[in-house]
Each structure stands twice: as structure tokens, then as C-alpha cells.
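# Structural description and commentary
Letter by letter, the chains look like this.
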Amino acid sequence: MRQVPAPDGADLPVPLPWATRAGTAPYVPGHVSELIANLMALLRGIDAEPLVDRSFTWPGADSPVPLRQVLHSLGSCGLFTREGRPARVRLTREARHFLASGDTTYLIAVLHAHVRFVGEALDALGTGLTHEELHRIAVDRYGLAWTSLDQVRRRVHWLRATGMAEYWSNGMIVPTARGRAFVARLPPVRPGPGGTHPGDGPPVTLPEPPRLLAERLAQVTEGELRARRRVLGYIAGGANPTALSRLVDAAAAGVTRGEFVRFSAQAFDVAPSSAEQSLNTLLGLGLLVQIGPDRFTAGPLAAEWLHSGQVADLVRHLHLGLALLGETLDALADAHDSATLTRILSERYPDGRLTRKDVTARVALLVDTGLAERIGARTRRTPLGTALAGALPLQRRDTPREEATPAGQRPATGPERLAAEVVDAAGDGADPRRFVRAVAEALRFLGADVEPAGSFGEPSGAGLVATLWLSPRTRRRIAVAVTADTAGGVELPQPRAGHETDQTVLVAPRLAPWMLPATDREDVTVLGAEQLAEAVVRHSAAPLGPPEVVALLTAAHAGTLARHWDAAERRVQAVALVAAALWKSANDPDEIEFSAGALDVGDIWRETKASLGEPLGKKEIEEALALLGSPGVAAVTRHGTGHAIAVPPRTIAARLRSLADALDARTTGTDPRRGTPEPVPPASSGGPLGALPEKNPSSPGIDAAHVRAWAQAEGRRISDRGRLPRSLIRDYRRAHGLPADPPRLPPLF
């Protein structure tokens, strides 16, 4: 953005590209006649005390408000920037110029440069329009998905406050001579077909990729596209071209881990642990590579991107390692909200497993690179994005296979299908990559994050890295060598180099003689396809924790885990047997007359002792009763020294499923009731897990925090607390593809 040299506004700021301008106009309280004075008071207050975590009192107001809330209501208007920790806000050069000169023409030019439909609205007024007519132009000609007049009114208020327009008693907004003169100084602002913006420049020409990147794109296989990592991961400074270029450039000449961590922590004011996590993300994406025991540099393709400086080359590179990135761009031919886009991708790529949170991260990256643009709550690709989507090698869209189930047989469940695929793919000599994909999916089912890590012994082998969460501070990364060849030739140590792993797992269709020496090495585990398939099936019946899964991948033989699975399966059986015994007693007339249907631990032991080869112990029964009697299940009550069942077993199962569904919705972003992922609210700064979202009792399943955030993004004024208006909730539900009114369900009990 150019800086004006004089307070007369002779040189106006250059408007940002339409795709990068904000869709929400800044909000400042007060009458039109008070807007400029109130804004200047805010800017002076920020200049005097830039800390964000404080309060601010508007002129004439009775009480202060949090400055964070004030800044949020202003949005990205070009007057301030955020930086550092503790969080601070700084005035831009444009804001300082306005504050010093008081030039309101320059102020409206700054708003026009950073916010959509400011100068465009003034130009569209002609000889005068109503708010409704101006709103129709914004929606029909500029593609702005506004459902109310609020955003139009905000812009008109600023035009009136700066003397660019007047509001007449007949309801017309009419440009002034000053406004017409301002429009004459702007570049063309009229929209093109479909709401495109010709002021953004001539039709785009997609730059050719550099040599190495072009060769890699031409050679990528369908198997490699399917094996890409799902999670983008944390990046200091955010997943945007500016932050990525700084991080990659800092490592271009070669850096140690400590040097990179110090640079990231200082440059982006993040904790050292966050900086280290950022390094792992860049390694996983291939932007950085390890070149020594503790030394890293930019990858060859990343170095080409740094040299070219083209955002298209960055996305081309990331597309090779990040699942469905180019495919997301391809799906944005039409404007979609994140929920719709997630559904489209899940239909096109049913094995992609992207949550709504994953899709949102990809959309944000595409918007930051200028390949997509936001239109209200929806996003669509830009002309440059369209050109790139047509040039990228995309994963083939899948057509779900309908597999007939023989009469009298139970159809295979998801885990059973996956286990069968592991075994079947192991014997598919025509497509070795199929086995790699199946192994990756099996490891993900066991709870690991899986990413590609190069290949070994091509064409029959491939490398993966499995990462398991053990604690808030501990992750275990294990190299996985997958081979479809049982004749030998895979180099086992290679996958660990450069990926910070200390263990290697060799997964093969079956154990072969050449693998026997590897079983004697403490840092190598050998798994056959049938062993891995059995692990999937047993894990579905009795899920193991990450430490036990690590044991599976680091033990010399998978059989060493038998005791873990036996114990987990026995705990499940204990709960089922105890509930069945209590239910039987609660329906036995003699038991009801003698003890009101209640059983003590000894009674339960006698009732269940013949059901297992080894009868349940006292501790096992007590643990099962504790679970069933917990508030979340509320299935067992105490009667003196005994225990009585409070609800039928099918209700117990329903309650446990509802708990599982709620946990899935909060941790994985998947809402099982609708089959589409839901956004996971970010953790608050007050603790590691954040606060539970505020619920609105008038609309079950809708988070009030999400509704408030959406309303603010749409420019609708809404209180920070209290009950949400039903009309607002209906608008929110419609905007997210939900019925205007939730279905009324009968009571559970």
C-alpha cells in the first residue's frame, strides 16, 4: 500500500485485490455525526496504550468495554495491525496519516482499499438509491451473500459521516459533489460477469512451475495422492505465504534445531514448544528436510518456490503432501460454505476422511494465497485458482463399491472391511500401493497420525511415519516400511533418517525367511498383514490406548499384546455381565420380593461365575458398578449394601453411545447425527482445554458461541450474553444448510 505524502489526500491508497478485501465493514457506535470523532478517540487511545487486554471507554459512554471486542467489531479495515505477546495493536501508517490530518476523504479511501463494496457502493448510487436497492446490487452484481441490510447500512453510515453521501427524507441515499469527485479518482469499480472484479487486473496467466516441481507433479501416482497426510499441522505465524517463506528462508542455508526454534520463537513470539511443533509440521510437508543428526534445510522443491516467489508454486508443493488440497480448490468452482464443501469432498473422496476443521484449514490457506475468495460465509476460487485447479494432478474421485452380502450373513462392519482390505491388498501384486494405503488406514484406525516418508526398495516398498499422542508433552514417532515383496531388499534403517524416529516397523504380506534377522533387532518390529488385520478387529471390540498401540509397533512380536487385549475385552464383558445380572434380578418376582431386585457384589459373582472361564473378581465387579453408577450413565443405584439397575440395558447402551457421539463431536469435529463434521471451538486462553461452549436452550445442538461469531461476521449486532433471538438462530441454521426450526424429539424417558 502506498503512503500518501501530503494531508490533502492527493495520492490515495491502492485498493487490495477484491479477493483479499474484508467483507465486513467496521462498526463504531454513535450517530452518523459522531462516527469520525469516536473513531479518532479510539485511534488516539490505541496509540497511547497499545495493549489489547485492557478496556476502552467510548466518548460519552457510561461504562468501558473490552478492547478486544472493539477491535473485533472494526475487523480488517486497514487502520491497525496486531502483533506480539502480550498481544498489542499498532496503528498503520494510513491510520496515523488520517489521525494527523483529519482528512475524511483519505479515511474513506483507506476503507475502500481494505473493505469490499465501499467505493463500489458510492459508485452504484448514481442519482440515488434506497438501502434495499443498494443491497440488491451488492448481492446480484457483486456476489455478496448478505441476508440483511446491516452491512449496507454500515457502509452508508461511513459515506454519510465522511460527507460522501446524504440520506434524504424520502429514503434515498444520494451522493454529494464530494462523493462524485471521489468516485472519479478511483480505478474502475464496476463488477464483471458473475461478480468478478475487473479492477483486479487482466485475465490471469498461470505461471509455469519450476523444473524439479514440474517433474515431480508429472510423476506423482494415484497411490501417492491417496497416501498424503490429512492434518495440516501447526505453523508459527499461520499457514500463509508470508510466514512460510520466512520459516523456510531461515533454514535455507542450514540450521540446527535450536537455531530454528529460537528464530521461530523470536520472529512470531511463540513458545519454544510451539516453534518445535512448527518444525515438525514443515518436515512433514516436505518444506524442510533433515541433512544431519541435528541440522535442517529447505527441501529442493521449497527452494524453487522461494526463488520463484509464486504462490501457485507453494500450493503445488503443498498439494503433493497435503491430502485433498488441490481437490478442495477444484470443488470451489461454485461458492460453498465449509459444511457444504466438507460434504462434497466426502462424497467425491469417501476415503479422504477430512473433518470440517481440516477443510476449513485448507480453505484459509487458499484464501491467504489469493486462489480463493470469501463471499460472506461462502468461499469460491479466483481466476488464478481456477487456472491452477485445472493444471494440478488430482486424486481420482471414488465411486462407492456395493458389495453383496450373502443371505444369512451379517454385513461386514467398517473395522471388518478394513481388516479384509489389509489382507486382500497384501496379495494384490498388480497394485503394491494399495497395500501401502491399507496399512496407512489401519494405523490411523489404531489411533496414529500417518504421513508419507519417502520410499524404499521401489517399486515394491514405501515409507510412512506413524505418530501417536502419549501425553500433552510426549509424541512417539515410528518409521513404518511397507513392502509388498516377500523376497527381500527393503532397507530398514532408511525411514528413520530425517524423521526423528527411533523405531522401525516392517509390514509385509506375510513373514518370510529374509525377515528373521530383523526380528532379533530391538529397534525393528515385523508385522504380517494378518497380524495387522487382527489388531484392527480386536481394537474395534476393545480399543487400546496409545501406549499399548506403541507396544504393538515396537514389540518383537505382536503376540506380546495379547494380555492387553484380553484385559480390555474382559473389562467390556464385565460391564455387560453385571448389567445383565442386575436386569435379570430386577425382573424376577422372587428377587423383587426378597431384595427389591438389588444384588450385592457376592450375588453378582454367583450370578456371573459360569459365564466366563475365569469368574469375575471382586475388583472387576466393583469397577463395572462404578462405571454404571457414574452420573454420566446413571444406570445403577444403591439399595443398602446392594445395587439395583435403574434403566433397561438398551437405555444404558444409548446413553453410552450419546456420550461417545458427544466426545467425537468435540474432539474430531464430527457430528454423527448429521453425518457432517462440526467446527471444534478453539481452546480459551484460560486453560489447556478451553471452556465448554455456551448452549442456547431454545435450540438444542446449536452452540451460542458459533451463532454469535457468525452474526458478528455478518455485521449483525448481538449482545455478548443472554438468550439468543429465535430469528437469529433461524437465520444461522438456514445459512448452514439446516432446517430453520430443529425437529422436536419425543422425551427419552
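All of the points below concern the structure found in this document. (Residues numbered from 1 in each chain as written. Predicted model: local features only at pLDDT ≥ 70, side-chain atom pairs only at ≥ 80, totals over all residues. Heavy atoms only, no water.)

### Re unusual backbone geometry
- Notably, D269 is not glycine yet its phi reads approximately 55°, a positive angle.
- Using a relative accessible area of 25% as the deciding quantity, one classes D269 as partly exposed.
- With a phi angle near 50°, A634 is a residue other than glycine that sits in the positive phi range.
- Mapping A634 onto the fold places it in the loop between α28 (618–629) and β17 (636–639).
- A634 sits in the partly exposed class, given a relative accessible area of 36%. (Buried < 20%, exposed > 50% of the residue type's maximum accessible area, 1.4 Å probe, protein only. Helix = DSSP H or I, 4+ residues; strand = E, 2+ residues; numbered from the N terminus.)

### A few points about the packing of helix α12 (residues 257–268) against helix α13 (residues 272–285)
- Axis separation between α12 and α13 bottoms out at 8 Å; the angle between their running directions is 115°. With respect to α13, the element α12 is oriented roughly perpendicular. As α12 packs across α13, the resulting crossing turns out to be right-handed. Residues R257, F260, V261, S264 and A265 of α12 form the contact with α13, whose participating residues are P272, A275, E276, L279, N280 and L282. (Axes fitted to C-alpha atoms, helices over the stretch in contact; angles between N-to-C directions. Parallel < 35°, antiparallel > 145°, perpendicular 65-115°, else oblique. Left-handed = near helix turned anticlockwise from the far one by under 90°. Contact = heavy atoms within 4.5 Å.)

### Some details on the pattern of salt bridges
- Counted by the stated rule, this structure contains 23 salt bridges.
- The closest approach of N and O atoms between R96 and D47, which form a salt bridge, is 2.8 Å. Taken together, the positions of R96 in helix α3 (residues 93–101) and D47 in helix α1 (residues 35–48) put the pair 49 residues apart, joining distant regions of the chain.
- The exposure class of R96 is partly exposed, given its relative accessible area of 40%.
- Residue classification places D47 among the partly exposed positions, given a relative accessible area of 40%.
- Several salt bridges share partner residues, and in doing so they unite R229, E451 and R477 into one network. (Salt bridge = Lys/Arg side-chain N within 4 Å of Asp/Glu carboxyl O.)

### Details of helix α23 (residues 529–541)
- In this model, α23 (13 residues) spans 19 Å end to end at C-alpha, consistent with the 18 Å of a helix rising 1.5 Å per residue.
- Those residues of α23 that sit buried are A529, L532, A533, A535, V536, R538 and H539. (Expected span 1.5 Å × (residues − 1).)

### Thoughts on the environment of G284
- When you line up the elements, G284 lands in helix α13.
- Given the relative accessible area of 14%, G284 is considered buried.
- For the pair G284 and L232, spaced 52 residues apart in the sequence, the C-alpha separation amounts to 9.0 Å.
- Discounting chain neighbours no more than four positions away, the residues touching G284 are R229 and E451.

Limitation: the analysis is restricted to geometry and does not speak to function.
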